[in-house]
Amino acid sequence: MTRILKNIIVAIFLLGGLQGFSQSTTSSPYSQYGIGNLNGSQLPQNRSMGGISAGLRKPSLYNNINLANPASYSAIRITTFDIGVFGSQTNLSKGEISEKTFDASLNHLVFGIPVTKTSALSFGLVPYSSKGYNFTDDGFVNAEPVNYVYSANGGISKAYLGYGFKIGSRLSVGANASFLFGKLTESKAAEYEDVAFLNSRTQSSTSISGLTFDYGVQYEAPVNSKVSLILGYSGSSNSKVRSKAELLTTRYYKDINSGVGGVSVDTTEFKQNDVTKIQLPMMHTIGFAFQRPNKWLIGADVSLGQWKNYSEGGVNGGLQNSTGIAIGGQVTPDISSVGNYFNIVDYRFGFKYDKTYINLQNQDIKQMAFTFGLGLPLPANRSTFYKINFGTELGQRGSLKNNLVRERYVNLFLSFTMNDQWFQKYKFD
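The following paragraphs examine the structure supplied in this document. Note that the structure is a prediction, hence the values are computed from the model and not measured.

1. Considerations on the nonpolar core
Judged by nonpolar contacts, the single largest core of 20 residues is most densely connected at Tyr 30, Ile 35, Ile 156, Ile 208, Ile 278, Leu 280 and Tyr 310. Within the residue set of this core, elements represented by two or more residues are β7 (171–192) and β16 (346–360). When residues of this core are assigned to their parent elements, the largest contribution, three residues, is made by β16. Beyond its immediate sequence surroundings of up to four residues, Ile 156 is in contact with Ile 35, Pro 127, Tyr 128, Ser 129, Leu 180, Phe 181, Gly 182, Leu 184 and Ile 208. Within the second largest apolar cluster, nine residues are counted, among which are Ile 65, Leu 67, Tyr 73 and Tyr 160.

Quick look at the structure:
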């Protein structure tokens, strides 16, 4: 019990540090659309395999939390704790101009706790979406050159509680109830090159909160005595969340000496507590996984996001439906090996491709990435097992065509997984 209390205390302090979720974790101009870049619900274990999740349950002795399909919770047999961090280096290019950015943050804190031999609940905190960009565009107003300066930051977090259980010997179902919360801030300024001209800046701040729901189902079918096929589906409801916005438009002169914006001269517009609703889209993912437990796994997913139905205050903003595919797998050479540590390591690999919900200048913004990762077991005691999970995504989004922005990125994920029998009473101590 003492060990349990220590772990809970540590988790409370970690939760306090997860306020960083509400900060921006991206530097992408594409995050200006919708509610920002979606983070997805995959942990590093999934991301290393291309992001597959629909048919993923328990490919090895270790219990993992696949919150992207809550039906998988029914495979959790021991209390599971997972915490991770995220880092990303991105190279942004447009025409002959390029720059590099780096972002990092805490990525997730999740728990899985068995309730019966065929059911478990899961809860935790994960990032949902993020906005972060800073760029300029040139134009003219009445023949006067003007620079439009755009910037944004902030993020939305997701706190969830889910439950999954088995029906019979092969079918599992589950659902998550999630609360979204966070703040997104954006700024647009029009600055004239002549410092004698009066410039303008519009700053908006949007606080988002509300409940969402997602659900899943999995069906296990034995292929032979060693290999099984798992079919899976997961989806999310088209929930409405609350959006409270504040908007401030001011006018100012540039500082003659420095050329930067000075103190505001006056306010031309101010709105406070402007409450609207954001209609989130329904999301669907269907997939499968072939696996030989403790040896290998290979799977694939197909996903669809109905972003044409997304709206903010009844306005869609020109978003289109998104589609994606993910392919990935995992190999463990010999989980019972004693003399060679590399034989008990999980080697993960994958590929993903997405046609995103963004279309600019009649061109779809597409994204693709190759993924790989490692599951590194640590020394265990009689009831506690540890693993470090490392994952990498090498990808690209956008294109240099039609004067668009191309992003080439390296995403790094690192997590710590603990399996522990927190609630088991020992006969002997």
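Once the structure has been displayed, the description carries forward.
2. Regarding the packing of aromatic side chains
Counted under the stated rule, the structure contains 15 aromatic pairs. Measuring from centroid to centroid gives 5.7 Å for Tyr 386 and Phe 416, while their planes differ by 25 degrees, and the two rings are stacked. Pair noted here: Tyr 386 is in strand β18 (residues 384–398) and Phe 416 is in strand β19 (residues 406–420), with a separation of 30 residues, a long-range link. For Phe 416, a relative accessible area of 28% corresponds to the partly exposed category. One aromatic cluster is present, built from ring pairs that chain together Phe 81, Phe 111 and Phe 123.

3. Some details on the pairing of strand β2 (residues 79–94)
β2 sits mainly inside the fold: twelve of its 16 residues count as buried. Where β2 meets β19, 15 bridges bridge the pair, whose relative direction is antiparallel. The residue bridging Gly 87 from the neighbouring strand is Leu 412, located in β19. Bridge count for β2 against strand β3 (residues 97–116) is 15 bridges, and the pairing is antiparallel. Opposite Ile 83, over in β3, you have Leu 109 as the bridge partner. Linking β2 to β3, which pair antiparallel, is a turn of two residues; within it Gly 95 sits at a positive phi near 65 degrees.

The rules behind these values
Within each chain, residues carry numbers counting from 1 in the order of the written sequence. Side-chain atom pairs in this predicted model are given and counted only at pLDDT of 80 or more, local residue features only at pLDDT of at least 70, and totals for whole chains, interfaces and linings cover all residues. To obtain the side-chain values, all non-hydrogen atoms of the structure were included, while hydrogens and water were left out. To form a nonpolar core, buried Ala, Val, Leu, Ile, Met, Phe, Trp, Tyr and Cys residues must be joined to one another through side-chain atoms within 4.5 Å. For every residue, the accessible area obtained with a 1.4 Å probe (protein chains only) is divided by the maximum for its type, and the residue is called buried under 20%, exposed over 50%, and partly exposed between those limits. In this text, helices come from DSSP runs of H or I with a minimum length of four residues, and strands from runs of E with a minimum of two, each type numbered from the N-terminal end. Working rule for contacts: check all heavy atoms of both residues, and any pair within 4.5 Å makes them a contact. Working definition: a ring pair exists when centres of Phe, Tyr or Trp rings (six-membered ring for Trp) sit within 6.5 Å. Plane angles under 30 degrees give stacked, over 60 give edge-to-face, the rest tilted. Paired strands are those between which DSSP finds at least two bridges.

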